[in-house]
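Okay, here's what each chain looks like letter by letter:
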Amino acid sequence: AEVERLREEKNQNIGRAEVKQEGLDHFKVKLENAKEVENELEEENVRLRKDAKRSEGFAKMNQEVNGALMEKLADVKDERDDAIEAGEELHQRLQESQATSSLQEDL
């Protein structure tokens, strides 16, 4: 009877150990999966940081190009305004010249 009890106790201990081992194995698999996910997320983070830096570079370049275009636009507007002013002066002189010519004919 004592031998049977000891055998039963041994079998229970073995059963508990197997359950613990299954739990440990399950935990190990979950831990490995979590590490894989963590590595994937770290790789994605690195990629996103590189993309962000690249985007910042493009944004800076776009700002510089936009600034240069705004300067060029201001220059073109100044040239346009100068041309309009010169055209108006030329038109005024032409009218004055025609008026002078008309006065001379009347005399």
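Further up the page is the structure itself.
Report follows, based on the coordinates. Residue numbering note: each chain is counted from 1, following its sequence as written. The predicted nature of this model means local features are confined to residues of pLDDT at least 70 and side-chain atom pairs, given and counted, to a pLDDT of 80 or more, with totals for whole chains, interfaces and linings taken over all residues. Hydrogens and water molecules were not included; the side-chain quantities draw on all heavy atoms of the structure.

## Topic: the overall build of the protein chain
Put simply, the test is: The helix and strand labels rest on DSSP assignments: H or I over at least four residues marks a helix, E over at least two residues marks a strand, and numbering proceeds from the N terminus. Throughout, radius of gyration means the C-alpha value; the globule benchmark is 2.2 Å times the number of residues raised to the power 0.38. Buried residues are those whose accessible area, probed at 1.4 Å on protein chains only, stays under 20% of the maximum for their type, while exposed residues exceed 50% and partly exposed ones sit between those limits. When charges are counted, neither His nor the chain ends are considered; positive counts come from Lys and Arg and negative counts from Asp and Glu. By convention, charge coordinates are those of NZ in Lys, CZ in Arg, CG in Asp, or CD in Glu.
Counting its secondary structure elements, the protein chain contains 1 helix and 0 strands. Here the protein chain has a C-alpha radius of gyration of 45 Å; the compact-globule value for 107 residues is 13 Å, and the former is much larger. Dimensions along the principal axes, computed over C-alpha positions, put the protein chain at roughly 155 × 15 × 10 Å. By the burial criterion, 0% of the 107 residues in the protein chain qualify as buried. Charge centroids of the protein chain, computed over 18 positive and 29 negative side chains, lie 16 Å from each other.

## Notes on the environment of Glu56
Residue position: Glu56 is located in helix α1 (residues 2-106). Since its relative accessible area comes to 55%, Glu56 is described here as exposed.

## Here we look at the pattern of salt bridges
Condition: Salt bridge criterion: a side-chain nitrogen from Lys or Arg within 4 Å of a carboxyl oxygen from Asp or Glu.
Using the criterion set out here, one finds 8 salt bridges in the structure. Across the salt bridge formed by Glu4 and Arg7, the nearest N and O atoms sit 4.0 Å from each other. On the criterion of helical spacing, the pair formed by Glu4 and Arg7 is a turn pair, its members being 3 residues apart in helix α1. Taking the shortest distance from any N to any O, the salt bridge between Glu44 and Arg47 comes out at 2.5 Å. One end of the pair, Glu44, and the other, Arg47, are both in helix α1, 3 residues apart, so they sit about a helical turn from each other.

## Here's the deal with the environment of Leu48
You can see Leu48 is positioned in helix α1. The sequence separation of Leu48 and Lys20 amounts to 28 residues, and the corresponding C-alpha distance is 41 Å.

## Quick word on a negative patch on the surface
In plain terms, the rule: Two distance rules govern patches: like charges are joined within 9 Å, and nonpolar side chains (Val, Leu, Ile, Met, Phe, Trp, Tyr) within 5 Å, applied only to residues with over 30% relative accessible area and no salt bridge. Areas reported here follow the Shrake-Rupley algorithm with a probe of radius 1.4 Å; residue values treat only the protein chains shown as occluding.
Taken together, Glu71, Asp75, Asp78, Glu79, Asp82, Glu85 and Glu88 make up a surface patch of like negative charges. Within the secondary structure, Glu79 sits in helix α1. Among the residues examined, Glu79 registers a relative accessible area of 54% and is labelled exposed.

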